[in-house]
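# Structure at a glance
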Amino acid sequence: MKLADKQFAVIGLGRFGLSVCQELQDSGTQVLAIDLNEDRVQAAAGIVTQGLIANCTNEDAVAELKLSDYDMVMVAIGSDINASILTTLVLKEAGVKSVWVKANDKFHAKILQKIGADHIIMPERDMGIRVARKMLDRRVLEFQPLGSGIAMTEIVVGAKLMGKALSELPLFHDQGVQVLGFKRGSDVQASPSGEQTLEIGDVIIIVGPESTLVTRLKSL
Ligand code: ATP
């Protein structure tokens, strides 16, 4: 299915929900933005395909919106934890295939997990981790926790690694670690060979257990 044929819905149009709407819409997908509050729906109207006022803790409202036909539904309700949990439950019971939910804290996340949320995001925590990693190590371009203890990172090759082959990096052989890609200037290779030699400025894209990546990044 092409991205343009995918249908997304975002429930809760605070700063987070609106920025999700904006990015999805800019990427060419169809986005339905929903909020209880008319002013928030108005604010989203200029951004998304369609905006609707609805209370998504209400089973009938969710059935009427046919949200189960959507490819992904994001619950971006923050301050009202009860509404966030109930909305998630109603969506899962209505058969929505993929429900992504913003959680405020670990406790909120745990409940969401128990009631079947498919993906949980903790924006402040996730962003805090990414910023700290960048502060600690300027060789790390990106550090993205993906959930379940797995993360993706992009590192820039410095003088210490220059001339080495990818397979000489210990993390190349670590359990669960995959080198997904390799960038040199505008050239990008997926699944590069271990024989690829490194030059200063090359970028290596890696996915693997967060704890392994953090340990290895310290020793690079
Ligand atoms: P931000 O995203 O701005 O950091 P936040 O996550 O605290 O903040 P809120 O300001 O709480 O977000 O915004 C959540 C939005 O969700 C509000 O606009 C609110 O009207 C909406 N909302 C709350 N309950 C429901 C519900 N049952 N159905 C639909 N929308 C809801």
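Residues numbered from 1 in each chain as written. Predicted model: local features only at pLDDT ≥ 70, side-chain atom pairs only at ≥ 80, totals over all residues. Heavy atoms only, no water.

### Some points on a nonpolar patch on the surface
Taken together, the side chains of M127, V131 and M135 make up a nonpolar region of the molecular surface, amounting to roughly 320 Å² of accessible area. Looking at where M135 falls in the secondary structure, it is placed in helix α6 (residues 123-136). Using a relative accessible area of 67% as the deciding quantity, one classes M135 as exposed. (Patch = residues over 30% accessible without salt bridge, like charges linked within 9 Å, V, L, I, M, F, W, Y side chains within 5 Å. Areas by Shrake-Rupley, 256 points an atom, 1.4 Å probe, with all protein chains shown as cover. Salt bridge = Lys/Arg side-chain N within 4 Å of Asp/Glu carboxyl O. Helix = DSSP H or I, 4+ residues; strand = E, 2+ residues; numbered from the N terminus. Buried < 20%, exposed > 50% of the residue type's maximum accessible area, 1.4 Å probe, protein only.)

### Some points on the domain arrangement of the chain
When its domains are assigned, the chain resolves into domain 1 (3-121) and domain 2 (125-219). The C-alpha centroid of domain 2 is placed 33 Å from the C-alpha centroid of domain 1. (Domains from an automatic or database assignment.)

### Observations concerning the environment of P170
Relative to the helices and strands, P170 is located in the loop between β8 (150-156) and β9 (178-184). The partly exposed category is assigned to P170, whose relative accessible area is 46%. A C-alpha to C-alpha distance of 53 Å links P170 and I53, two positions 117 residues apart in sequence.

### Describing the pattern of salt bridges
As enumerated under the stated definition, the model contains six salt bridges in all. The partner of E154 in a salt bridge is K183, and the shortest N-O contact between them spans 3.9 Å. With a gap of 29 residues between them, E154 in strand β8 and K183 in strand β9 connect regions that are remote in the sequence. Relative accessible area serves as the criterion here: at 16%, E154 is assigned to the buried category. R184 is the salt-bridge partner of E199, the closest N and O atoms lying 3.6 Å from each other. Of this pair, E199 sits in the loop between β10 (187-190) and β11 (203-209) while R184 sits in strand β9, and the two are 15 residues apart along the sequence. Residue R184 is classed as partly exposed on the basis of its relative accessible area of 28%. In this structure, a network of salt bridges that share partners links the residues R184, E199 and D202.

### A closer look at the sheet that holds β10
The sheet built from five strands is open, its strands ordered β7-β8-β11-β9-β10 with antiparallel pairing. Lying at the two open borders of the sheet, with one neighbouring strand each, are β7 (140-147) and β10. Shown here is a sheet whose adjacent strand axes are inclined to one another by a mean of 15 degrees, direction ignored. Where β7 meets β8, six bridges bridge the pair, whose relative direction is antiparallel. (Pairing = 2+ DSSP bridges. Axes fitted to C-alpha atoms, helices over the stretch in contact; angles between N-to-C directions.)

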